[in-house]
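# Summary of the model geometry
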Amino acid sequence: MKLKILRSHTRHLRVRDIERIMLGSEPFRTYGFDKKSCRKIINNNRKNEILIAKLKNDIVGFAIYETTFLNGYYLKLIAIDPSQRSIGIGNKLMTALENEILKKKKKVLYLCVTDFNRRAQKFYKKRGYKKVGRLTNYAKKGIDEFLMRKVFKT
Ligand SMILES: CC(C)(COP(=O)(O)OP(=O)(O)OC[C@H]1O[C@@H](n2cnc3c(N)ncnc32)[C@H](O)[C@@H]1OP(=O)(O)O)[C@@H](O)C(=O)NCCC(=O)NCCS
């Protein structure tokens, strides 16, 4: 698989790629993501770092993160094109992000995962993330988010 992970900024992400990757799949559907929300991702994250997964010339996934959150970093959003899931791209993006963090002083990564998103919870658990909190009714009434954390050993 000719996959490249590129370090970039959200302004290099095209709205149509975000739409293809996010619209119509969970947990984004339940949260009511639409074309407007996809455009907002670019506008609201101009200052944030991003890792882009490129397969040949196609953007097939991305991870947006913040470098200041509690005592570490925060993964705001990771998403892989539904047609390219379960072939290792999510893991490659996470490894690239974790390798960056390992070079920094603060070696902790936080993220949130929706209570019904069992697949993502399993994905993070396998990578060593632990649930450290529960944000009840966080973005939508009746749906909670788990706060997860990985502390990297040096
Ligand atoms: C969660 C998500 C980011 C994972 O990305 P992914 O690319 O599908 O993940 P990977 O392929 O790296 O790993 C997932 C599974 O595929 C398996 N896998 C990895 N490489 C593989 C390969 N070469 N061949 C077959 N299977 C493989 C992994 O073992 C893993 O197995 P698991 O389901 O038992 O955990 C992705 O499913 C996604 O975008 N989901 C929707 C958005 C979302 O939930 N984001 C997280 C919100 S917090």
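The structure we're discussing is the one just above.
What comes next concerns the included structure. On a predicted model such as this, the values are computed, not experimentally measured, just so you know.

Quick look at the environment of Gln121 now. Topologically, Gln121 is positioned in helix H4 (residues 118–126). Distance in space between the C-alpha atoms of Gln121 and Met22 is 18 Å, their sequence separation being 99 residues.

What follows covers helix H3 (residues 89–102). With 14 residues, H3 extends 20 Å from end C-alpha to end C-alpha; this agrees with the ideal 20 Å at 1.5 Å per step. Buried residues in H3 make contact with strand S1 (3–9), strand S2 (49–55), strand S3 (58–69), strand S4 (72–80) and H4.

Listing the buried residues of helix H1 (residues 15–22) in full gives Ile18, Ile21 and Met22. The buried residues of H1 occupy an angular sector of 80° when projected down its axis, which confines them to one face. On the buried face of H1, the contacting elements are helix H2 (35–44), S3 and S4. Two residues or fewer past H1, Gly24 is found with a positive phi of approximately 90°.

Around the ligand there are 19 residues in total, and Ile80, Arg85, Gly88, Gly90 and Asn91 lie nearest to it. Only S4, H3 and H4 provide two or more residues apiece to the shell around the ligand. Residue contributions to the shell around the ligand peak at 5 residues, all from H4. A breakdown of the residues in the shell around the ligand according to their chemical character gives 9 nonpolar, 6 polar and 4 charged.

Taking strand neighbours across the sheet as the criterion, the 7 strands line up as S1-S2-S3-S4-S5-S7-S6 in an open arrangement whose pairing is mixed. Edge positions in the open sheet fall to S1 and strand S6 (130–140), since each of these has one partner strand only. Across the sheet, the axes of successive neighbouring strands diverge by a mean angle of 25°, strand direction being ignored. Bridge analysis of S4 against strand S5 (residues 108–114) gives 3 bridges, and the strand direction is parallel. Bridge pairing in S5 links Leu75 to Leu111. Sheet strands touched by H3: S1, S2, S3, S4 and S5. Its angle to S3, the strand with the most contacts, is close to 35°.

Core analysis: the largest hydrophobic core is formed by 32 residues, its most contacted members being Phe62, Ala63 and Leu111. Of all the secondary-structure elements, those providing two or more residues to this core are H1, H2, S2, S3, S4, H3, S5 and strand S7 (143–151). Considering every element that reaches this core, the biggest residue donor is S3, with 6 residues. When sequence neighbours within four positions are dropped, the list of residues in contact with Leu111 reads Tyr74, Leu75, Tyr124, Tyr129 and Met148.

On the secondary structure map, Ile143 appears in strand S7. As for Ile143 and Ser83, which are separated by 60 residues in sequence, their C-alpha atoms are 26 Å apart. Once you skip the residues sitting within four places of it in the chain, Ile143 turns out to touch Thr114 and Asp115.

Closest axis-to-axis distance for the H1/H2 pair is 9 Å, and the angle between their directions is 125°. When the axis of H1 is compared with that of H2, the two are oblique. For the crossing formed where H1 meets H2, the hand is right-handed. In this structure, H1 contributes Val15, Ile18, Glu19 and Met22 to the contact, and H2 contributes Lys35, Cys38, Arg39, Ile41 and Ile42. Class assignment of the residues belonging to the contact of H1 with H2 gives a composition of 6 nonpolar, no polar and 3 charged.

Cut-offs and rules
- Residues numbered from 1 in each chain as written.
- Predicted model: local features only at pLDDT ≥ 70, side-chain atom pairs only at ≥ 80, totals over all residues.
- Helix = DSSP H or I, 4+ residues; strand = E, 2+ residues; numbered from the N terminus.
- Expected span 1.5 Å × (residues − 1).
- Contact = placed C-beta atoms within 7 Å.
- Buried ≥ 20, exposed ≤ 12 C-beta atoms within 10 Å, placed from the backbone.
- Arc of directions from axis to C-beta.
- Near = placed C-beta within 6 Å.
- Nonpolar A, V, L, I, M, F, W, Y, C, P; charged D, E, K, R; others polar.
- Pairing = 2+ DSSP bridges.
- Axes fitted to C-alpha atoms, helices over the stretch in contact; angles between N-to-C directions.
- Core = buried A, V, L, I, M, F, W, Y, C linked by C-beta atoms within 7 Å.
- Parallel < 35°, antiparallel > 145°, perpendicular 65-115°, else oblique.
- Left-handed = near helix turned anticlockwise from the far one by under 90°.

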